[in-house]
Amino acid sequence: MTRHGRQNRRRLLSKGLELNEHTLSMRLERVAAHVPAGARLADIGSDHGYLPVALARRGAISAAVAGEVALTPFLSAQRTVRDNGLEAQVSVRHADGLAAIEPGDGITAVSVCGMGGETIRAILEAGKAYLSGQERLILQPNGGEQPLRQWLMDNGYRILVEEVLRENRFDYEIIVAERCEAVSYSAEQLYFGPLLMAARSPAFLVKWRRMLRQKQQTLDNFARARQAVPEEKVREMTRQARWISELLG
Ligand SMILES: C[S@@+](CC[C@H](N)C(=O)[O-])C[C@H]1O[C@@H](n2cnc3c(N)ncnc32)[C@H](O)[C@@H]1O
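Summarised in this report is the structure supplied together with it. (Residues numbered from 1 in each chain as written. Predicted model: local features only at pLDDT ≥ 70, side-chain atom pairs only at ≥ 80, totals over all residues.)

### A few points about the overall build of the chain
The secondary structure content of the chain amounts to ten helices and seven strands. For 249 residues, the compact-globule formula gives about 18 Å, and the C-alpha radius of gyration of the chain, at 19 Å, lands near that figure. Seen through its C-alpha atoms, the chain measures out along the principal axes to roughly 60 × 45 × 35 Å. The 249 residues of the chain split such that 36% are buried. For the chain, the share of sequence-separated contacts (at least 6 apart) that also reach a separation of at least 24 residues comes to 70%. (Helix = DSSP H or I, 4+ residues; strand = E, 2+ residues; numbered from the N terminus. Rg over C-alpha atoms; globule rule 2.2 N^0.38 Å. Buried ≥ 20, exposed ≤ 12 C-beta atoms within 10 Å, placed from the backbone. Contact = placed C-beta atoms within 7 Å.)

### Some words on the packing of helix α5 (residues 117–126) against helix α6 (residues 145–154)
In a pair of packed helices, the angle between the axes and the distance between the axes together describe the arrangement. Across the interface, α5 lies against α6 with an axial gap of 7 Å and an inter-helix angle of 25 degrees. Taken together, the axis directions place α5 and α6 in an arrangement best described as roughly parallel. With respect to the hand of their crossing, α5 and α6 are arranged in left-handed fashion. Where α5 abuts α6, its residues Gly117, Glu118, Ile120, Arg121, Leu124 and Glu125 lie against Glu145, Pro147, Leu148 and Trp151. Here the contact of α5 with α6 is built from residues that sort into five nonpolar, one polar and four charged. (Axes fitted to C-alpha atoms, helices over the stretch in contact; angles between N-to-C directions. Parallel < 35°, antiparallel > 145°, perpendicular 65-115°, else oblique. Left-handed = near helix turned anticlockwise from the far one by under 90°. Nonpolar A, V, L, I, M, F, W, Y, C, P; charged D, E, K, R; others polar.)

### Let's talk about the environment of Asp43
Summarising the element assignment, Asp43 is placed in strand β1 (residues 39–44). Spatially, the C-alpha atom of Asp43 lies 33 Å from that of Leu212, the residues being 169 residues apart in sequence. The contact partners of Asp43, leaving out residues within four places of it in the chain, are Leu51, Pro52, Ala64, Ala66, Gly67 and Ser111.

### Topic: the pairing of strand β3 (residues 90–94)
Note: strand β2 (residues 61–68) against β3, five bridges, orientation parallel. Considered in β3, the bridge of Ala66 is made with Val92. As a crossover connection, the stretch from β2 through helix α4 (residues 71–83) into β3 is right-handed. (Pairing = 2+ DSSP bridges. Right-handed = clockwise from strand over helix to strand, strands pointing away.)

The structure is reproduced here in structure tokens:
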């Protein structure tokens, strides 16, 4: 589990709000909402297997694969599936990324959630051969959305739905994409999300007001830093702060 995940879990435990396959976090509940009814889902990096098990318990999917690269979460997912008597419907596999998918699975949706956008991108890039191109991708990056959207565009995916939500003091984005004809997004659209940017929801605006404050603080720190900060880093941060200011008007 990432530092972000551990912090989040500690906070939930301290509030007596640890979630499970019966009650998903709001974040996973929103991810679940984008899994088509009757899907054959591959949930990559499934940890406890809460998402596929909750969906199978509700009769919302017809089958699932829960893939985990790390042994402890793999065993935990196996336990969740066993405790719910879902062994026939949910296969738990100890595998790196999309290698959890086997040709006979007939997967129609792939979820990769709760990891950095760069990690999700690396999983998609390394595992392209396991995708037929017919699957819906439901991605929930913790940061690093821009490189993930870039990968989607470069690989012929159109973004169908985007959401931003705030839970336990973290902003989360959900990106749903499917393969289609070539699509082109501008640099700003890749940064903010083409649909989020157009919709300008209250949660989106709150997120970017907060991000602007953080960037301005970082730029102030760069200016005061005794050691030189690489020029390229300052230029990139300045450009992002300008984009955010323009977006917020
Ligand atoms: C923070 S947890 C998120 C769990 C769940 N998907 C969620 O959103 O709540 C990330 C999980 O991804 C797993 N993971 C990271 N890289 C992976 C990879 N290449 N293949 C499979 N699992 C991976 C980690 O072991 C960890 O259990």
